[in-house]
Amino acid sequence: MQNTIDFINTKTNFFKPEIGIILGSGLGEIADEFCDYAISYNDIPNFIKSTVQGHKGRLVFAKINNKNVIMMQGRNHFYEGHSMQEITYPVKIMKLLGVKTLILTNAAGAVNESYKPADLMIIKDHINNMGTNPLIGLNDNSLGERFPDMTEIYKKQLIQLAEKCANNLGLDIQKGVYWANSGPSYETPAEIKMIRKLGGDAVGMSTVPEAIVANYCKLNVLGISCITNTASSETSGELTHEEVIEAANKAKVKFKSLLLKIIQEL
Ligand code: HPA
């Protein structure tokens, strides 16, 4: 890990971020707009190298509303075949660079029947149905405990702050439980019924591994889902990745204004 930290510090001249943001599918635009310096994941020691041409995966450093921010523009997913340890490595790096608050964002399908595409949902808790856990393996005691508490991953104070920011902007906001599946297949109608019965409000294929590791190493976590579709059901027809990206595009103006307001208020 030290070689990653040394590499980044040399490149950024010891930029010290206090806020970390992981930008989900279709939500990376804010990192184009606010970018003082960027490093491709391909160049960073121990980061997952992208094999897809034209795939944007980079760490972006910026001063936004007078706060030092580090953004991951593009994340790696478990369904791509990477290990849980590999996909959560950047969270540990953010912690070691000095980040105190981590904002996790994603595109998710609505399970709660009152949600609509392009709604934003503050994550109040999660359910890990990915079948594994990023903390499996030898524990690094310098980062966190072997059996970390997960009572309040998504900090109440940050949830309240995000709600207040949404209200100030006149944005409707949902608050719910994010359910994570491994993917890459979307859910069947029967699975959506099950998730609804078991307390999930939105479903996606990311965020939970990063949230577990962030809470383990004592980062304050805020989670925001951008609802891109009604998760599969008997009534809502076929679901495509294009539909998900299109709805993320619709929501991204709201999403960006909320994120900027939160950064300002943190
Ligand atoms: N299911 C799982 N992941 C998703 C969905 C969904 O419906 N929409 C966006 N990411």
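Quick note: structure is the one above.
This is a predicted model, so every value here is computed, not measured.

Further remarks concern the packing of aromatic side chains. Aromatic ring pairs are defined here through the distance separating the ring centres and the angle between the ring planes. For the structure on display, the rule yields three aromatic pairs. Measuring from centroid to centroid gives 5.6 Å for Phe15 and Phe61, while their planes differ by 80 degrees, and the two rings are edge-to-face. One end of the pair, Phe15, is in the loop between helix 1 (2-12) and strand 1 (19-23); the other, Phe61, is in strand 3 (residues 58-64), and 46 residues separate them in sequence. With a relative accessible area of 18%, Phe15 lands in the buried category.

Next up on the list: the packing of helix 3 (residues 84-97) against helix 6 (residues 208-216). Where helix 3 meets helix 6, the axes come as close as 9 Å, and the angle between the chain directions of the two elements is 50 degrees. The orientation of helix 3 relative to helix 6 falls into the category oblique. Note on packing geometry: the crossing formed by helix 3 with helix 6 is right-handed. Contacts between helix 3 and helix 6 involve Met84, Ile87, Thr88, Val91 and Lys92 from the first element and Pro209, Glu210, Val213 and Ala214 from the second. Looking at the contact of helix 3 with helix 6, its residues break down into six nonpolar, one polar and two charged.

Looking now at the nonpolar core. With 79 residues, the main nonpolar core has Ile21, Leu59, Met71 and Ile262 as its most contacted residues. With sequence-adjacent residues up to four places away left out, Ile21 is seen in contact with Val69, Ile70, Met71, Met72, Leu102, Ile103, Leu259 and Ile263. Formed by six residues, the second largest nonpolar core is a distinct cluster that contains Val111, Trp179, Ile195 and Val203.

A few words now on the side chain of Ser206. Residue position: Ser206 is located in the loop between strand 8 (202-204) and helix 6. Residue class for Ser206 comes out buried when judged on its relative accessible area of 7%.

Scanning the entire structure with this criterion turns up nine salt bridges. One salt bridge connects Asp119 with Lys116, and the closest N-O pair in it is separated by 3.5 Å. Among the salt bridges present, the one from Lys164 reaches Glu265, with a minimum N-O distance of 3.9 Å. Taken together, the residues span a long stretch of sequence, with Lys164 in helix 4 (residues 156-169) and Glu265 in helix 7 (residues 241-265) at a distance of 101 residues. One salt-bridge network, in which partners are shared between bridges, spans Lys164, Lys261 and Glu265.

Turning to the pairing of strand 6 (residues 120-128), a few remarks are in order. Sheet topology note: the strand 6/strand 9 (residues 220-230) ladder contains three bridges and is antiparallel. Paired with Ile122 across the bridge in strand 9 is Ile224. Inspection of the sheet shows strand 6 paired to strand 7 (residues 174-180) by seven bridges, in the parallel sense. In the strand pairing of strand 7, His126 is matched with Tyr178.

Conventions and cut-offs
- Residues numbered from 1 in each chain as written.
- Predicted model: local features only at pLDDT ≥ 70, side-chain atom pairs only at ≥ 80, totals over all residues.
- Heavy atoms only, no water.
- Phe/Tyr/Trp six-rings, centres within 6.5 Å; stacked < 30°, edge-to-face > 60°.
- Helix = DSSP H or I, 4+ residues; strand = E, 2+ residues; numbered from the N terminus.
- Buried < 20%, exposed > 50% of the residue type's maximum accessible area, 1.4 Å probe, protein only.
- Axes fitted to C-alpha atoms, helices over the stretch in contact; angles between N-to-C directions.
- Parallel < 35°, antiparallel > 145°, perpendicular 65-115°, else oblique.
- Left-handed = near helix turned anticlockwise from the far one by under 90°.
- Contact = heavy atoms within 4.5 Å.
- Nonpolar A, V, L, I, M, F, W, Y, C, P; charged D, E, K, R; others polar.
- Core = buried A, V, L, I, M, F, W, Y, C linked by side-chain atoms within 4.5 Å.
- Salt bridge = Lys/Arg side-chain N within 4 Å of Asp/Glu carboxyl O.
- Pairing = 2+ DSSP bridges.

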